[in-house]
Each structure stands twice: as C-alpha cells, then as structure tokens.
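# Residue-level structure breakdown
Chain residues, written in single-letter form:
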Amino acid sequence: MNSKTKKITTVGMLCALAYLAVAAGRIPLILFLKYDPKDVVIVIGGLIFGPWVSFVISFLVSLAQMLTISENGVLGFLMNVISSCSFACTAAWVYQKRRTRRGAMAGLLVGWGCMVCVMLLWNYLIAPIYMGCTRQEIASLLIPAFLPFNLIKGGVNAGITALIYKPVVRALRHSHLVEPRERS
C-alpha cells in the first residue's frame, strides 16, 4: 500500500472512531451541555498528519453527526466544527512548528485555551438562535455554564490525548499505517 493510501485509510479510520466516540460517549455535564471524547481522536489525527487533517476529520464527523444524531441541525454542525477545530487545529499547528514532547504539550494547552475563548464568543453569538433564548439569557450563562463546561471539556481532552498519543502512534506505526519517518 502506498503512503497516500495509508494516510487516507488512517484518516478514514480516525473519522469512524471520532464518530463512534460522539455517538456512544456523550456524557451530560452542565445543564444541557454534553461532553464527548471525539476531539481526542481529532487532535491525534492532527498531531500525526497536521492541522488540515484535524479540520477534515472535524468537518466529516460533525456532518455525519448532524445527519444522524444531532438535535441542533446546521447550527449544531457549525458549533461542533468551530469547537473541534479551535482545539485540534490549533494544537496540531503549534505541534507542527515544534515537533517535540514540549511542543505537543504546548499545542494541547494553547488549543485548550483557544477553544475556551472561541466557544465563549460563539455561544454568545449562535446559542440564542438554536436555543430560542435572548442574547441576555445566554450572556448570563457564559460564566456559570459555558466557561466551566469548556474548561472541563478541553482539559479532559488535552489530558486524555497526552496520555494516549504515543501508544496510539506506536500502534499505527506497528500496523504500518503511519510511516516511521513522520515524527509524531
């Protein structure tokens, strides 16, 4: 199997795993907000192959989620892509600049912070539309609900990724789906 075919196969497998994570792993946390571990899979794809792959996986999984299990339609799709990309693409971009353990940790931390800030803004802008609330009602939920939710979500995703990234990459290399020359 050539390198391009291996990459497409691996990205497809990561898409399936990320979808499975959201379909089977949703856990209610704060009010109506549910945690799912799909961003762990998305960021691992980005750390291995770069930020563009994080975007592709995020887009495809969010699209599949919208068409099957989402309760929020197109706006939920948009919010999922923005949330996943602000975390995973940012982390992958930072790691791409410095492909070391410290670079990976810095990427996860910067991605976490980026996601928290971006989602506070986007929840303020978009949540009133799909929740049927006023912007003032959403603003009153930003600090007591949206902020802790995104802090928990990003922290859990960064922590799980830090723990499992190397074993996952090792397994993918062992199965010849990731080339040894790709420093991950």
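Whatever comes next refers back to the structure up there.
## Some words on the state of the cysteines
Under the defined criterion, the tally for this structure stands at 0 disulfides. Summary of cysteine pairing: Cys89 is not part of a disulfide, and the nearest cysteine sulfur, belonging to Cys85, is at 3.9 Å.

## Here's the deal with the nonpolar core
As a rule of thumb, nonpolar side chains are buried together in soluble globular proteins. By size, the foremost hydrophobic cluster in this structure holds 34 residues, and its most contacted members are Val43, Ile48, Ile57, Phe87 and Tyr165. Breaking this core down by element, the ones donating at least two residues are α1 (3–24), α2 (38–49), α3 (51–68), α4 (73–97), α5 (101–131) and α6 (135–174). Top element by residues in this core is α2. It accounts for 8 residues. For Phe87, the contacting residues outside a window of four places in its chain are Asp39, Val43, Leu108, Gly111, Trp112, Met115, Gly154, Asn157 and Ala158.

## Side note on the side chain of Ser83
Among the structural elements, Ser83 can be located in helix α4. Apart from the residues lying within four places of it in its own chain, the contact partners of Ser83 are Asp39, Met115, Met119 and Lys153.

## Notes on α4
With 25 residues, α4 should cover 36 Å at 1.5 Å per step; its first-to-last C-alpha distance of 35 Å lies within 8% of that length. The largest bend in α4 amounts to roughly 35 degrees and is located at Cys85. Counted residue by residue, α4 has 18 buried out of 25 residues, so it is predominantly covered.

Thresholds applied
- Residues numbered from 1 in each chain as written.
- Predicted model: local features only at pLDDT ≥ 70, side-chain atom pairs only at ≥ 80, totals over all residues.
- Heavy atoms only, no water.
- Disulfide = S-S within 2.5 Å.
- Core = buried A, V, L, I, M, F, W, Y, C linked by side-chain atoms within 4.5 Å.
- Buried < 20%, exposed > 50% of the residue type's maximum accessible area, 1.4 Å probe, protein only.
- Helix = DSSP H or I, 4+ residues; strand = E, 2+ residues; numbered from the N terminus.
- Contact = heavy atoms within 4.5 Å.
- Expected span 1.5 Å × (residues − 1).
- Bend = angle between axes of the 7 residues up to and from the residue.

Don't take any of this as a statement about function, it's just geometry.
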